[in-house]
Amino acid sequence: MTYFKAIILGLVQGLAEFLPISSSGHLALLQGLFGIEGESVLLFAVLLHVGTLVSVFICYWKDISELVVELFITIKDIFTGKGLRLNERPVRKLGVMIIVATIPTAVIGVLFNDLFESFYSSFVAIGTGFIVTGVLMFLAERMGSANRGIEQMNFRNALFIGILQGVAICPGVSRSGSTLIGGLTTGLRREFAVKFAFLISIPSILGSVVLEVPDAVKAGLDTAIIGPVVAGVLVAAVSGIIAIKGMIKIVSGKKLSYFSYYVWILGVITIALGVFSPKF
């Protein structure tokens, strides 16, 4: 693992995790092109996820701190007999909706993990995922304006968004794109749909890290590549922050169709590599 490869992988992870172009698909594609074996960089991949998690915490620190404080207040209210009072406390309701959205994602991830893992070795599957992502963005761009926020959001909305996030475990299918279109389909206003998509990425990314840690630790990390790994993780964190801030402006400005064209072209190229090149 050279500095160049580590920085490129970190840059792609940070940008593609939050832009609707699929980080998993891009990383799988780059690893194939760079000739990097998955097992040899498993711990590096886990650390890249940690880098992007840092990005979310930095950009949404205020919301996250409010959610943590509200958690303790909720526990107090439950033990004192006041109940959840979701309609009276929007931050509490947001926390509950994040939990509800995470449940189907976790279930899908556990039940179909082996199937999703098998797709990573197929450029045809990855390319198909890119094309699906393009369709999602094309549809999201044409969603009408809505003005629903956390006050109007319900459990069905959260479950639907969580299911789409679970489907996005497939390489090539964008997590941010899937959850965004889920939010827009349920009538959430664009700014809140983006915010919710990024906040529910926290348990999703954290869960994937926890699941991958045992195998990553077992595989180990070559001390000779510690420098490149650190550089890659830092680049992932910084580029993640840039992507989050950029995504907010892109969605508000209704410019998602640009990403559709990009992933469609990339999807066709990836499928062609899988079909016509014996290497892939």
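Higher on the page you've got the structure.
If you're wondering where the values come from, they're calculated on a predicted model, not measured in any experiment. (Residues numbered from 1 in each chain as written. Predicted model: local features only at pLDDT ≥ 70, side-chain atom pairs only at ≥ 80, totals over all residues. Heavy atoms only, no water.)

Draft legend 1. Representation of helix H12 (residues 226-252) within the structure. With 27 residues, H12 extends 39 Å from end C-alpha to end C-alpha; this agrees with the ideal 39 Å at 1.5 Å per step. Backbone geometry just downstream of H12 places Lys 254 in the positive-phi region, at approximately 55°. (Helix = DSSP H or I, 4+ residues; strand = E, 2+ residues; numbered from the N terminus. Expected span 1.5 Å × (residues − 1).)

Draft legend 2. Region of interest: unusual backbone geometry. At Ser 22, a position not held by glycine, the phi torsion is positive, near 75°. As for its position among the elements, Ser 22 is in the loop between helix H1 (3-18) and helix H2 (23-34). Residue Ser 22 is classed as buried on the basis of its relative accessible area of 1%. For Arg 85, which is not glycine, the phi torsion reads 50° and is therefore positive. Note on placement: Arg 85 falls in the loop between helix H4 (61-79) and helix H5 (90-111). (Buried < 20%, exposed > 50% of the residue type's maximum accessible area, 1.4 Å probe, protein only.)

Draft legend 3. Summary view of the environment of Gly 253. With respect to the helices and strands, Gly 253 occurs in the loop between H12 and helix H13 (257-276). With a relative accessible area of 39%, Gly 253 lands in the partly exposed category. With twelve residues separating them in the primary sequence, Gly 253 and Ile 241 have C-alpha atoms 19 Å apart.

Draft legend 4. Focus on the layout of surface pockets. Of the pockets and cavities examined, the second largest pocket occupies roughly 460 Å³. Lining the second largest pocket are 18 residues, and of these Leu 67, Val 68, Leu 71, Gly 95 and Ile 99 lie nearest its centre. Listed by contribution, the elements that provide at least two residues to the lining of the second largest pocket are H4, H5 and helix H11 (201-219). Here the lining of the second largest pocket is built from residues that sort into 13 nonpolar, three polar and two charged. (1 Å grid on protein atoms, 1.4 Å probe; cavity = no way out; pocket = protein on both sides within 12 Å on 5 of 7 lines; lining within 4 Å. Points joined across faces, edges and corners; volume = space filled by probe spheres on them. Nonpolar A, V, L, I, M, F, W, Y, C, P; charged D, E, K, R; others polar.)

Draft legend 5. The arrangement of helix H10 (residues 190-199) in detail. Here H10 lies mainly inside the structure; eight of its ten residues are buried. Buried residues of H10: Arg 190, Phe 192, Ala 193, Val 194, Phe 196, Ala 197, Phe 198 and Leu 199, and no others.

Draft legend 6. Summary view of the packing of H2 against H13. Their axes nearest at 12 Å, the elements H2 and H13 cross at an angle of 40°. The angle between H2 and H13 falls in the class oblique. Our pair here, H2 against H13, has a crossing hand that is left-handed. On H13, the residues touching His 26, Leu 29 and Leu 33 of H2 are Tyr 262, Leu 266, Thr 270 and Leu 273. (Axes fitted to C-alpha atoms, helices over the stretch in contact; angles between N-to-C directions. Parallel < 35°, antiparallel > 145°, perpendicular 65-115°, else oblique. Left-handed = near helix turned anticlockwise from the far one by under 90°. Contact = heavy atoms within 4.5 Å.)

Draft legend 7. Seen up close, the environment of Gly 127. When you line up the elements, Gly 127 lands in helix H7 (residues 123-141). Residues Gly 127 and Pro 171 lie 44 residues apart in sequence; the distance between their C-alpha atoms is 8.7 Å. Those residues within four positions of Gly 127 in sequence are excluded, and the remaining contacts are Gly 267, Thr 270 and Ile 271.

Draft legend 8. Examining a nonpolar patch on the surface more closely. Taken together, Val 68, Leu 71, Phe 72, Ile 75, Ile 78, Phe 79 and Leu 84 make up a surface patch of nonpolar side chains, about 740 Å² in accessible area. By the secondary structure assignment, Val 68 is in helix H4. Judged by its relative accessible area of 43%, Val 68 falls in the partly exposed class. (Patch = residues over 30% accessible without salt bridge, like charges linked within 9 Å, V, L, I, M, F, W, Y side chains within 5 Å. Areas by Shrake-Rupley, 256 points an atom, 1.4 Å probe, with all protein chains shown as cover. Salt bridge = Lys/Arg side-chain N within 4 Å of Asp/Glu carboxyl O.)

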